[in-house]
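Commentary on secondary and tertiary structure
Read off the chains here:
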Amino acid sequence: MPADKAKNAVAVAIHRVSKRFGSVAALDDVSFDIMRGEFFSLLGPSGCGKTTLLRSIGGFEAPTAGDIQIDGQSVLHLAPYARPTNMIFQHLALFPHMNVRDNVAFGLRMKRTDAATTARRVEEALALVRLEGYGDRGIDQISGGQKQRVAMARALVNDPAVLLLDEPLGALDLQLRLQMQVELRRLQRQLGATFVFVTHDQGEAMAMSDRIAVMNSGRIQQIGTPAEIYERPVNRFVATFIGHANLIEGRVAEQRADGTALIDVEGLRVAGTAQALAAPGASMLAVMRYEKLQIEAGGNASVAGTGTSTLATVSEKTYMGAALRFVCRPGVGPTLTVDAPNTEAGRAICEGDSVRVSWAASEINLLAE
Amino acid sequence: MTSPASGKTPKPFPGVRPIGRPFWLLLPGVAWLLVFGLAPILFMGAVSFWRSSIFGTTPDFQFGNYARMIEEPLYVELLVKTLRIAALTTILSLIFSYPLAWFLASRKGAWKAVCVVAVFVPFWISYVVRTFVWLPILGRNGLINQTLMGLGLISSPVEWFLYNEGTVYLGLVYVYTLFMTLPIYLALEKIDPKLIEAATDLGARPWQTFRHVVLPLSWPGVLSGSIMVFLLAVSAYVTPRLLGGTSGIMFGNMIANQFLSNNNWAFGSALSMTLVAVVALFLLVVGRWVGIREVFTGGKG
């Protein structure tokens, strides 16, 4: 391995990349860096440009503008076979006319690696994905999860500078998908490799990534750690795409020195943390995640004016197993949905009950609209 | 994933119980085979032991017809030559058809339909016409001679364009090449483009991708196309008749002569039976080779 393969170096630099298909912009002036050894996810709805970006890194799409560098070298002029990347395809694209071993050996053989080295590295790769002894199996003789592992081994055996993953877990059932998520994370940590993972599944991105880039309409909406993106979404799209939130528009009633602000929503006062100072009267969006709200029965002692609670009536209750979901109607203001942990106190609350819904100002984000 | 991998060869009758099948359902098929397949061959086989003379063909059981065929070198030589022509026609068709099939398979959208139709439309015309059309092109006063003389490149018409083995190759390849193109095209069509991307991603250059992914996956098409063209070419009659002259004659012409001009049905049947036997042997050998091949490429189990 080259000596400069240290951590804290940029593995992939995306610089002002645009891609147009006719009049449609699949990627619109996208720039960011992916660090070495990072598990980086591109997250967004279908058609947001995440796959186009991944395929551009791999060499299967040519950007109309901008530059892509891997380990400091521009790769735009390189064909896919000459790039230091390997891809795990959405439907895996294992070669049906070869057995497991020949699939895994393919990349090394194309580079004319000698037979002894190839055999050794193929066995190592199969061991890495826990498929020892499966070399002679045909591709149609193994299960879906095993095919996943073969696809991983086939890519990783080439020791790529960057591994590109194009929703490889999409076709698996839930249990297997969760299992493969853990497996992928283990592999990435064990190898210290740079993974770029495309997914539309926010839970998957959250569970696996060091950092996530949320994309929509060919643009980056936000880049950050899963916690940053979840706790501090920068706009309405990110707030809605990840997790469940009450999105409530109001006008700034009071801006406080500690960074919190109070907004007025149809008479309901909501205190939250503003990411930028806003003038009184300005329109703002409160992001109130379902599980950041608390619910308690009765609740006659309303702390009016602080903007951290309201009295309400439960209009709908849904049992979801791990959580209980309450739709509450405050006396004034919009409907609030609350996810409460499945506890005895929570289960005791019924539809039609009077409750108090409360929250901490630090947990509520106020976004400038 | 539960979706079957492409290129997988289905097992014959998987899961069929060996007893208690309603075998009478097979009767129409069996009857068809008996009447149109087996009966003519049995009849021809019987006639090949009969005796033909100027007074007609009379039932007998003697090996004279076969003996004559072996004793006179002409017939064996012609059979060998016919096999050679059929084999070379197959190879030439393959060389011509593979790039054509590749071209068709790699077109997209409406263009593909246009290209496919453009390739296939000429083959809706009778193959006799398509063979005959070479005469006004290659003949003494044909298109090519006229053009060359008009350009002043030659002073008198070239005679060897027609009526030799070369013309037979030209005619056979032209008439039968689509029987090669079609199965190869269908095989190429079935290849998932992602497999080609995957190969490229894994470091395979275009030639390597072709050699290690495209060719093996289109191999069944190549084989079935080759068998078709070989079988059609080995029994060719019209093409050598129209284009071959005396030096381009093939085994089929010899058989036809026995029936049409020599009135020697018995000897004609013996020649036919020999050709059937040789072709059957050929299919057996190829069939076995294909079987081994499929095991070799991982289709076992």
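Residues numbered from 1 in each chain as written. Chains lettered and ligands numbered in written order. Predicted model: local features only at pLDDT ≥ 70, side-chain atom pairs only at ≥ 80, totals over all residues. Heavy atoms only, no water.

Focus: the nonpolar core
All names here are of chain A. Counting 80 residues, the largest nonpolar core has Val 12, Ile 14, Leu 42, Phe 95 and Phe 106 as its most contacted members. Each residue touching Ile 14, except ones within four places of it in the same chain, is listed here: Val 30, Ser 31, Phe 32, Asp 33, Leu 53, Ile 57, Asp 67 and Ile 68. Residues Leu 92, Ile 142, Leu 165 and Phe 195 belong to the second largest nonpolar core, which totals 34 residues. (Core = buried A, V, L, I, M, F, W, Y, C linked by side-chain atoms within 4.5 Å. Buried < 20%, exposed > 50% of the residue type's maximum accessible area, 1.4 Å probe, protein only. Contact = heavy atoms within 4.5 Å.)

Comments concerning the pairing of strand β14 (residues 283-289) of chain A
Residue and element names in this part refer to chain A. Of all seven residues that make up β14, six are buried, and the element is covered over most of its length. Looking at chain direction, strand β11 (residues 245-255) and β14 are connected through seven bridges and run antiparallel. Bridge assignment links Ile 248 to a residue of β14, and that residue is Ala 286. (Helix = DSSP H or I, 4+ residues; strand = E, 2+ residues; numbered from the N terminus. Pairing = 2+ DSSP bridges.)

A look at unusual backbone geometry
Residue and element names in this part refer to chain A. Here Leu 92, not a glycine, exhibits a phi torsion of approximately 70 degrees, which is positive. On the secondary structure map, Leu 92 appears in the loop between β6 (85-88) and α2 (100-110). With a relative accessible area of 2%, Leu 92 lands in the buried category. Although it is not a glycine, Glu 266 sits at a positive phi angle of roughly 50 degrees.

Things to note about the interface of chain A and chain B
Contact residues are listed per partner, giving 30 residues for chain A and 25 residues for chain B. Of all residues in chain A, Tyr 81, His 97 and Met 110 of chain A give up the largest surface area on contact with chain B, accounting jointly for 28% of the area buried on that side. Between chain A and chain B we count one salt bridge in total. Note that Glu 197 of chain B is salt-bridged to Arg 55 of chain A, the shortest N-O span being 2.7 Å. (Buried area = accessible area lost by both parts, 1.4 Å probe. Salt bridge = Lys/Arg side-chain N within 4 Å of Asp/Glu carboxyl O.)

Purely geometric stuff here, so don't read any function into it on its own.
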